[in-house]
Amino acid sequence: MNLQGKTALVTAAAQGIGRASALALATAGARVIATDINAAALSELAHANIETRRLDVFDAQAVAALGGERIDILFNCAGVVHGGTILETSEEDLDFAWAFNVKAMTRLCRAVLPGMVERRDGAIINMASVASSVKGVPNRFAYSVTKAAVIGMTKAIAADFVADNIRVTAICPGTVDTPSLHERLSAGGDYEGARAAFIARQPIGRIGTPEEIADLVVFLAGATYTTGQVQIIDGGWTL
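What you see is a predicted model; the values in this text were computed from it and never measured. (Residues numbered from 1 in each chain as written. Predicted model: local features only at pLDDT ≥ 70, side-chain atom pairs only at ≥ 80, totals over all residues. Heavy atoms only, no water.)

What to know about helix α1 (residues 16–27)
Test applied: Runs of E in the DSSP output that reach at least two residues are strands. Runs of H or I that reach at least four are helices, and both are numbered from the N terminus. For a helix, the expected span equals 1.5 Å multiplied by the number of residues minus one. Between buried and exposed lies partly exposed: a residue is buried under 20% and exposed over 50% of the maximum accessible area for its type, with that area taken using a 1.4 Å probe on protein chains only.
The end-to-end C-alpha separation of α1 is 17 Å, in line with the 16 Å expected for 12 residues at 1.5 Å each. Here α1 lies mainly inside the structure; 9 of its 12 residues are buried. Directly after α1, the chain includes G29, whose backbone phi takes a positive value near 110°.

So, the packing of helix α4 (residues 91–119) against helix α5 (residues 141–161)
Condition: Angular values range over 0 to 180 degrees, each being the angle between N-to-C directions of two axes fitted as lines to C-alpha atoms, with helices fitted over their stretch in contact. When describing relative orientation, an angle under 35 degrees is termed roughly parallel and one over 145 degrees roughly antiparallel, while 65 to 115 degrees is termed roughly perpendicular and anything else oblique. Each helix crossing is assigned a hand: it is left-handed if the near helix lies turned anticlockwise from the far helix by less than a right angle, otherwise right-handed if that turn is clockwise. By the convention used here, residues are in contact when the closest approach between their heavy atoms is within 4.5 Å. When residues are sorted by character, Ala, Val, Leu, Ile, Met, Phe, Trp, Tyr, Cys and Pro go into the nonpolar class, Asp, Glu, Lys and Arg into the charged class, and all the rest, Gly among them, into the polar class.
It is the contact of α4 with α5, at a shortest axis distance of 9 Å, that shows an interaxial angle of 15°. Taken together, α4 and α5 sit at an angle that is classed as roughly parallel. Helix-helix and strand crossings are classified by hand; for α4 and α5 the assignment is right-handed. Counting all contacts with α4, which are made through L94, A97, W98, N101, V102, M105, T106, C109, L113 and V117, the residues of α5 involved are F141, A142, Y143, T146, K147, A149, V150, M153, I157 and F161. Tallied by class, the residues present in the contact of α4 with α5 amount to 16 nonpolar, 3 polar and 1 charged.

A word on the pattern of salt bridges
Pairing is possible between side chains of opposite charge, provided their charged atoms come close. This is how the line gets drawn: Just to be clear on terms, a salt bridge is a Lys or Arg side-chain nitrogen sitting within 4 Å of an Asp or Glu carboxyl oxygen.
Applying the stated criterion across every chain yields a total of 9 salt bridges. Here E51 and R53 are joined by a salt bridge, their closest N and O atoms 2.7 Å apart. Residue class for E51 comes out partly exposed when judged on its relative accessible area of 29%. The residue D72 makes a salt bridge to R119 at a minimum N-O spacing of 3.6 Å. A residue pair is termed long-range when its members are at least 10 positions apart, and D72 in the loop between α3 (60–65) and β4 (73–76) and R119 in helix α4 qualify at 47 residues. Members of the salt-bridge network, linked through shared partners, are R31, E51, R53 and E69.

Side note on the environment of G208
As for its placement among the helices and strands, G208 is situated in the loop between α7 (191–200) and α8 (210–222). The spatial distance from the C-alpha of G208 to the C-alpha of V102 is 24 Å, given a sequence separation of 106 residues. Those residues within four positions of G208 in sequence are excluded, and the remaining contacts are T175, V176 and D177.

Re the packing of aromatic side chains
Filter applied, for reference: Classification of ring pairs uses Phe, Tyr and Trp, with its six-membered ring standing for Trp, and accepts pairs whose centres are within 6.5 Å; under 30 degrees between planes counts as stacked, over 60 as edge-to-face, and the remaining range as tilted.
Throughout the structure, instances matching the rule amount to 3 aromatic pairs. Taken together, a centroid distance of 5.7 Å and an interplanar angle of 10° make the contact between F58 and F96 stacked. You can see F58 sitting in the loop between β3 (50–54) and α3 and its partner F96 sitting in helix α4, a full 38 residues away along the chain. Each ring, one from F96 and one from F100, has its centre 5.7 Å from the other, and the planes form 75°; the classification is edge-to-face. In this pair, F96 and F100 both sit in helix α4, 4 residues apart, roughly one turn of the helix. A network of ring pairs unites the aromatic residues F58, F96 and F100 as a single cluster.

Overview of the sheet that holds strand β2 (residues 31–36)
Sheets are built from strands paired through backbone hydrogen bonds, the pairs being either parallel or antiparallel. Rules: Note on pairing: two strands pair once DSSP finds at least 2 bridges between them.
Strand order in the open sheet formed by 7 strands is β3-β2-β1-β4-β5-β6-β7, and the pairing between neighbours is parallel. Two strands close off the open sheet at either side, each with one partner strand: β3 and β7 (230–233). Pairwise comparison of adjacent strand axes, ignoring direction, gives a mean angle of 20° for this sheet. Sheet topology note: the strand β6 (residues 166–173)/β7 ladder contains 4 bridges and is parallel. In the sheet register, I171 faces β7, and the bridge partner there is Q231.

Okay, here's the thing in structure tokens:
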């Protein structure tokens with residue numbers, strides 16, 4: 001995929017899927033604005049096509065300011081994972097998950113869409129999950145609720161702006177080997193046991209890599225006849 005001449009904005013680019021995607025988009029020729037709240041970790045992203053910026057996706061003013069720049073591709077990667085059932089999820093946790101996984105993405109879409117509409121070209125890729133309306137997953141209530149909302153948001157924006165040649169898609173990964181996953185595996189006190197359980201539920205026999213998700217991000221960034229679709233990449237978990 002050749003993305004020469006395109007500018008891509010990536011959130012949560014300091015690590016994991018966001019980082020791999022920023023590098024993959026840059027390698028495909030795009031000028032990448034790699035953002036994260038962790039400026040120190042961002043500084044380790046070394047590529048001629050990558051500009052790093054600290055961005056707090058909760059800062060409405062900072063996000064709105066991005067509307068003054070040309071953004072051809074938006075990869076909404078930032079989000080948070082909460083554990084627990086509905087009975088174990090506090091109002092505060094649910095509010096935070098909604099603010100991070102849904103409202104922050106909405107804010108970024110709202111910022112870049114006017115420019116895309118004016119140019120009659122643009123790609124928005126939203127990070128969802130198979131733990132959503134795709135599949136019921138135990139102990140992921142707040143996460144599943146908000147990622148299901150991301151799928152709904154994706155389809156709504158796609159329907160509203162398809163005539164303006166704006167393509168909006170959602171990526172639904174299964175289990176991916178990221179720093180966030182390692183934190184969750186360690187939280188229960190039995191890292192190896194938890195990791196084995198995660199691998200066991202993957203029919204392909206392993207968990208995914210950030211680079212595999214990044215390959216799909218690059219494809220969707222350049223896919224000019226695909227919109228409103230939920231792209232599942234989960235090693236067969238939902239078979």
